[in-house]
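Letter by letter, the chains look like this.
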Amino acid sequence: MGRRRSGFPGELVRKNSAFWLQCLLGLALVALVVLVFRTTQSNLELLGVQSGFDFLWKKAGFSISQHLIPYTEDSPIWVALAVAILNTLLLAVFCIFLASLLGLFVGIGRLSSNWLVSRLSLAYLEVFRNIPVLLQIFFWYYVALRALPSLESSIFISDYLVLNNRGLYFPFIEFANGFSINPPVMGRFAYEGGFYLMPEFLALWIGLSLYNGSYISEIVRSGFQSVARGQWEAGTALGLKPATVLRRVAFPQALRAVLPPLTTVYMNMFKATSLAAAIAYPEIVSVFVGTVNNLAGRPVEVMAVSLVFYAGVSFLVAWLMGRWNKRVTLRGQ
Amino acid sequence: MVEAVLRLGRGMALCALAVLPAGGAFADTLSDVLERGMLRCAVIEASPGFSSIDANGRRYGFDIDNCRTVAAAVLGDADAIEYVPINPNTAFTTLQSGGVDVFPGGATWTFLRDTSMGLDYTGTYLYAGQGFVVRRASGVSSVTDLEGATICVAQGTTNEQNLADFFRARRMKYSIVTFADVERGLNAYLADRCDAFTTEVFSLAGRIVALRNPGEHRILGDVISKEPFSGLVRQGDPRWRDIVFWAFNSRVAAEEFGLTMSTVEEMRATTEDAEIRRFLGVEGGFGRQLGLREDWAYQIVAQVGNYGEVFARHFEPLGLERGLNALWRDGGLMIAMPYR
């Protein structure tokens, strides 16, 4: 659009009025936001509900089981918010990684000439795409993870990796006397390791990844199918191995078709981490909209912060993916 | 043009805020309820002793009788209620935004809730405290044994904060799993996700008795907090707050007067006691003072019963004793404000 020149004077006039119309609409929008804000404020005042963001600096007074940064009950609420945000992002990153991996392999598997592989991939797709993701999360949390053994009969995946119904425990890594890796030790109530993943996290990770992986697999499949047949044949004719053709010829071209829809799936997956509130994983909806809202009694402010966070990260994801997309787009097209 | 946009904006802003009443200062809940002919009462569902549904689909429980108490006083019909199911997370917001008229379902009276949320408490109707349940097999016999344990709790409750305070004061490590409501938290405990579950003792006892194998669990003797439960209404409507307060007060008064569901009718006809006559609306015009009918308190006693009857109906089957909730003259904390 930018490149095209507007040659007709009439078009210029139309453009001019369009500009003013947009200005007016923009102003109206701002006015609307200000009015909503002020009306809300005065309404809350009339109701005797305190408002403002000062509560963020009050002492939190509640505990959060998983925190990536130092946090105690004495920390201010904004630190609790940061903990919740990091927990949300951690889950999102884990899910995006696993779902992409699953989607890639299943998508390629669907195109495989091996009957078993393509059928298995199809079965995966049909099962996980057609069940609501919340139900899948409940399944992993209430059925699958609850089938895990209790503390006494924990599963040792290796000497250093312990799995039971309290989570997945990783070894201690100590730097005190040189470098040493120590297995998790059993305490009275739980294993104590250097790091552990709580069952809520595991259920969400598995549930969200399997569900979204099925969508990604379809995107990947359509991406590869969009690569012209001649490209595959040309690669083979050059004497390249099928795997090399896939990696060096088909994949870079498929990526162009894959990235835009993939952005949507990533964004949906990020937003779907809020389902964590249903099974007690301490992410932003659970900690902030749940606990803090009740503690501080500031529903409007709490919701505003949460909305800004989700919108902000979604924009960021879209922007990053957009940049990546630009980089792989064919020049001259 | 600008004005039109502003007008439009203002209209939309008002639409967006339609959930909020136009202003607390002139909200009149009583008129709304009388006009509607129904009391909108918030209840937390599936809480044995407090709020359950029987085989015929009828709600019953201590909280439900609290709703019925207010409905009997205001509308003369204890069943003219529209129940609005909520969870502890949404309770206060629902009440603030006018979604319900009253929330009589186990909200602990605390300073911050009272002063910052635009809500008013209407008087303590039950004195509880926060307790713990553990598996007998775990060998835990007191809360201090729970060092290092994982504890399940419901979100947005005072329990969550009491727990943090208690363990922090004793420098005990613990891990917490916070569920959206008591039901889910207890289920997680039962599935061995946690070593202990904590909530206030009345609700805890009710839920444990209802289990298939209550003998496998043990409610610890320690109670780590005071949980005075009070009804809640929106702030800025003093008449409505008075009505709810005096409705609850009437049940305790009835027990003090010796009035029961079965004797109240006869007593109304025969009693010479001036206070009881004022209470039951035979004389004094007290109902009009509240904006209600003269027989408002009579309807409460006749349809719901006195405090002791209500307590016995819901908590005695669970093996719970009156304790702090006995009348003051029996060594408890329940005392009725005088009708004069």
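Parameters at a glance
Residues numbered from 1 in each chain as written. Chains lettered and ligands numbered in written order. Predicted model: local features only at pLDDT ≥ 70, side-chain atom pairs only at ≥ 80, totals over all residues. Heavy atoms only, no water. Helix = DSSP H or I, 4+ residues; strand = E, 2+ residues; numbered from the N terminus. Rg over C-alpha atoms; globule rule 2.2 N^0.38 Å. Buried < 20%, exposed > 50% of the residue type's maximum accessible area, 1.4 Å probe, protein only. Areas by Shrake-Rupley, 256 points an atom, 1.4 Å probe, with all protein chains shown as cover. Lys, Arg positive; Asp, Glu negative; His and termini not counted. Charge placed at Lys NZ, Arg CZ, Asp CG, Glu CD. Pairing = 2+ DSSP bridges. pLDDT = per-residue confidence, 0-100. Contact = heavy atoms within 4.5 Å. Buried area = accessible area lost by both parts, 1.4 Å probe. Salt bridge = Lys/Arg side-chain N within 4 Å of Asp/Glu carboxyl O. Polar contact = N/O pair within 3.5 Å; in protein donor to acceptor, adjacent residues only side chain to side chain.

## Comments concerning the overall build of chain B
- Scanning chain B from N- to C-terminus turns up 14 helices and 12 strands.
- Compactness check: chain B gives a C-alpha radius of gyration of 22 Å against a globular reference of 20 Å for 340 residues, within 12% of the reference.
- Its C-alpha atoms give chain B principal-axis dimensions of about 75 × 60 × 40 Å.
- Burial status across chain B gives 57% buried among its 340 residues.
- Counting every atom, chain B has about 13,900 Å² of accessible surface; 53% of that belongs to carbon and sulfur.
- Between the averaged position of the 33 positive side-chain charges in chain B and that of its 42 negative side-chain charges there is a distance of 4 Å.

## Things to note about the pairing of strand β12 (residues 227-234) of chain B
All names here are of chain B.
- Along β12, 8 of the 8 residues are buried, which leaves the element largely enclosed by surrounding structure.
- As judged from the 3 bridges shared by strand β5 (residues 103-108) and β12, these two strands associate in the antiparallel manner. Within β12, the residue paired with phenylalanine 103 across the bridge is leucine 232.
- Across 7 bridges, the pairing between strand β6 (residues 119-128) and β12 is antiparallel. Bridge pairing in β12 links tyrosine 127 to proline 228.

## Let's talk about the confidence of the model for chain B
Residue and element names in this part refer to chain B.
- Mean pLDDT for chain B: 88, with 92% of residues reaching 70 or above.
- Across residues 8-26 the pLDDT falls below 50, and counting only partners more than four positions away or on other chains, this stretch makes 30 contacts in the model.
- Among the scores for the predicted complex, ipTM is 0.76 and pTM is 0.79.

## Some remarks on the interface of chain A and chain B
- Each partner contributes to the interface: chain A provides 47 residues, whereas chain B provides 56 residues.
- Considering only the surface of chain A that becomes buried against chain B, Leu47, Phe189 and Asn294 of chain A emerge as the three largest contributors, covering 18% of it.
- Between the two partners, chain A and chain B, sit 4 salt bridges.
- Aspartate 195 of chain B is paired through a salt bridge with arginine 166 of chain A; the nearest N and O atoms lie 3.0 Å apart.
- If you look at where chain A meets chain B, you find 11 residue pairs in polar contact (both at pLDDT 80 or more).
- The biggest single contributor to the side of chain A that touches chain B is helix α1 (residues 9-47) of chain A, with 11 residues.

## Points about the side chain of asparagine 212 of chain A
Residue and element names in this part refer to chain A.
- With respect to the element layout, asparagine 212 can be found in helix α5 (residues 199-226).
- Looking at asparagine 212, its side chain comes within polar contact range of the main-chain oxygen of leucine 208, at 2.8 Å.
- Setting aside anything within four residues of it in sequence, one finds asparagine 212 in contact with Ala99, Val265 and Met269.

## Details of the environment of alanine 254 of chain A
Residues and elements named next belong to chain A.
- Along the chain, the position of alanine 254 falls in helix α7 (residues 242-272).
- For the pair alanine 254 and phenylalanine 224, spaced 30 residues apart in sequence, the C-alpha separation works out to 5.0 Å.
- Once residues within four sequence positions are removed from consideration, alanine 254 is found in contact with Gly223, Phe224 and Val227.

## What to know about the pattern of salt bridges
Residue and element names in this part refer to chain A.
- Going through the model one piece at a time under the given rule, you end up with 23 salt bridges over all chains.
- Residue glutamate 218 pairs with arginine 110 through a salt bridge whose shortest N-O separation is 3.3 Å. Here glutamate 218 is found in helix α5, whereas its partner arginine 110 is found in helix α2 (residues 77-110), with 108 residues between them in sequence.
- Put simply, glutamate 218 and arginine 221 hold a salt bridge, and the shortest N to O gap is 3.0 Å. Note that glutamate 218 and arginine 221 are positioned in helix α5 at a spacing of 3 residues, about one turn of the helix.
- Where salt bridges share partners, they join Arg110, Glu126, Arg129, Glu218 and Arg221 into one cluster.

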